[in-house]
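# Descriptive structure summary
Given next are the chains, with one letter for each unit.
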Amino acid sequence: KDLNFASFLLLVQAMKGKGAVFDKSQLSCMIYRITSNRTPSAIDTLPVDALLYFNSKDFRTSQNCKAFFQGVGKSNINILPKGSARRQNLLEDARTCLGITGSHLTKENVAVLGGLVCDLEESVITKSDISIMDALKNCNSYSENQKKAIETRLKNGAKNYRTPNLWSSSTINHLGHLPLAFTDTWNQLNRDVLKEALPRFIKKIKIFTPPNDLLAFINQINIRKDSDNLANCTEGMLAAENINDMTPAIYGATQLDLCLSDRVLKDNVLQLGSLAFNLTQLEVLKKRLLQIYPNGLPENQIQLLGNISTVFNATDVSSWNITQ
């Protein structure tokens, strides 16, 4: 705040391309100070994330509107909540700038919009140049209608994307975040490919996906061999080294009970408690722990329960051996 406008602007410009990360309040304050003097003409000298907080209506019909919205498209659009008025205004003003009136986007349109494609309607995704699929790879979430459009294009064997039954583990990795949009597609993929690729994918999306959404995502993936209502372990005994983010998708409640030994459970409570098991699976883990510790869970295990603790009730907790 002690810097004059010229020095402050130079400081902001010096941060461009340096990997500096700003939060919403910093960006908002930054642009407030810059625009309170005047809107700089050389917007390409500013960090692209800062462009999110300009009034986009000031640019939609200006001579440099294309450069402005191309910068917005390269920004971290997820700084703004999906569905927020500011994100909607950015997309609408970008459309005005580019003269887009229908549902078809050209390859050039997609290149300019960049991350703004994450808010496009189902009809636009379906009818636009295939390059839109590459742009959609970077979105952190998709609406139900967007998911439908993405799956439609992939199922139809869109250029550069073979039909799902031919995909390999590297194909799924190449899809970026698009697997978040899958529903029926999972049933078309090879089971071994899924088991190899999905742990890496889930590790990637855990960074930005809310726990409840991650749980819903994992629970929709059915890569179990056959019915979960079997008397024998058909998935193979669960070894400590094989416990990962895909364990909830591979081992349904019955198979989890049958394929998890007491020793592996006792030695890996921390890892199991960090996974996105559904309520039925968590109840299995609770039941097994109570069988192992009929006189109450020891304190060193209680501290490791994680998600498993959510299915213990007040009566259960009263039997815990807690000294501190």
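Throughout, a residue's number is its position along its own chain's written sequence, starting from 1. Confidence filtering applies because this is a predicted model: local features only for residues at pLDDT of at least 70, side-chain atom pairs given and counted only at 80 or more, and all residues used for totals across whole chains, interfaces and linings. As a rule here, side-chain values cover all heavy atoms of the structure and leave hydrogens and water aside.

In this scheme Phe, Tyr and Trp rings, the latter by its six-membered ring, pair at centre separations within 6.5 Å, and the angle between planes marks the pair as stacked below 30 degrees, edge-to-face above 60, and tilted otherwise. Taken as a whole, this structure holds eight aromatic pairs when the rule is applied. Pairing Trp 186 with Phe 217 gives two aromatic rings, centres 5.8 Å apart and planes at 75°, and the pair type is edge-to-face. Highlighted residues: Trp 186 in the loop between helix H9 (169–174) and helix H10 (191–205) and Phe 217 in helix H11 (residues 211–219), separated in sequence by 31 residues. Under the relative-accessibility criterion, Trp 186 is labelled buried at 3%. Judged by centre distance (5.7 Å) and plane angle (50°), the rings of Phe 201 and Phe 217 are tilted. You can see Phe 201 sitting in helix H10 and its partner Phe 217 sitting in helix H11, a full 16 residues away along the chain. Runs of H or I in DSSP of at least four residues are treated as helices and runs of E of at least two as strands, each being numbered from the N terminus. Exposure is judged per residue with a 1.4 Å probe applied to protein chains only, and the accessible area is read against the type maximum: over 50% gives exposed, under 20% gives buried, and values in between give partly exposed.

Another point: helix H4 (residues 85–98). Every helix has an expected span of 1.5 Å times one less than the residues it contains. The end-to-end C-alpha distance of H4, which contains 14 residues, comes to 20 Å, matching closely the 20 Å that a straight helix rising 1.5 Å per residue would cover. Taken residue by residue, H4 has Arg 87, Leu 90, Leu 91, Asp 93, Ala 94, Arg 95 and Cys 97 as its buried positions. Residue contacts follow a heavy-atom distance rule, with two residues in contact if any of their heavy atoms lie within 4.5 Å. Contact partners of the buried residues in H4: helix H3 (65–74), helix H5 (107–113) and helix H6 (122–127).

Before going further, it helps to spend a moment on the nonpolar core. Buried Ala, Val, Leu, Ile, Met, Phe, Trp, Tyr and Cys residues that are joined via side-chain atoms within 4.5 Å together make up what is termed a nonpolar core. By size, the foremost hydrophobic cluster in this structure holds 100 residues, and its most contacted members are Phe 69, Ile 132, Met 133, Leu 136, Ile 150 and Phe 217. Per-element tally for this core: the top contributor is H10, with seven residues. Dropping the residues within four chain positions of it, Ile 132 is found in contact with Leu 105, Val 110, Val 117, Leu 120, Val 124, Ile 125 and Arg 153.

Attention now moves to the pattern of salt bridges. Put simply, a salt bridge is a Lys or Arg side-chain nitrogen that is within 4 Å of an Asp or Glu carboxyl oxygen. Applying the stated criterion across every chain yields a total of 15 salt bridges. Residue Glu 108 pairs with Lys 66 through a salt bridge whose shortest N-O separation is 2.3 Å. Taken together, the positions of Glu 108 in helix H5 and Lys 66 in helix H3 put the pair 42 residues apart, joining distant regions of the chain. Among the ionic pairs, Arg 87 bridges to Asp 119, the shortest N-O distance being 2.8 Å. Remark: Asp 119 occurs in the loop between H5 and H6 and Arg 87 occurs in helix H4; sequence separation between them is 32 residues. Assessed through its relative accessible area of 2%, Arg 87 is described here as buried.

The quantities given are spatial measurements derived from coordinates; they are silent on function.
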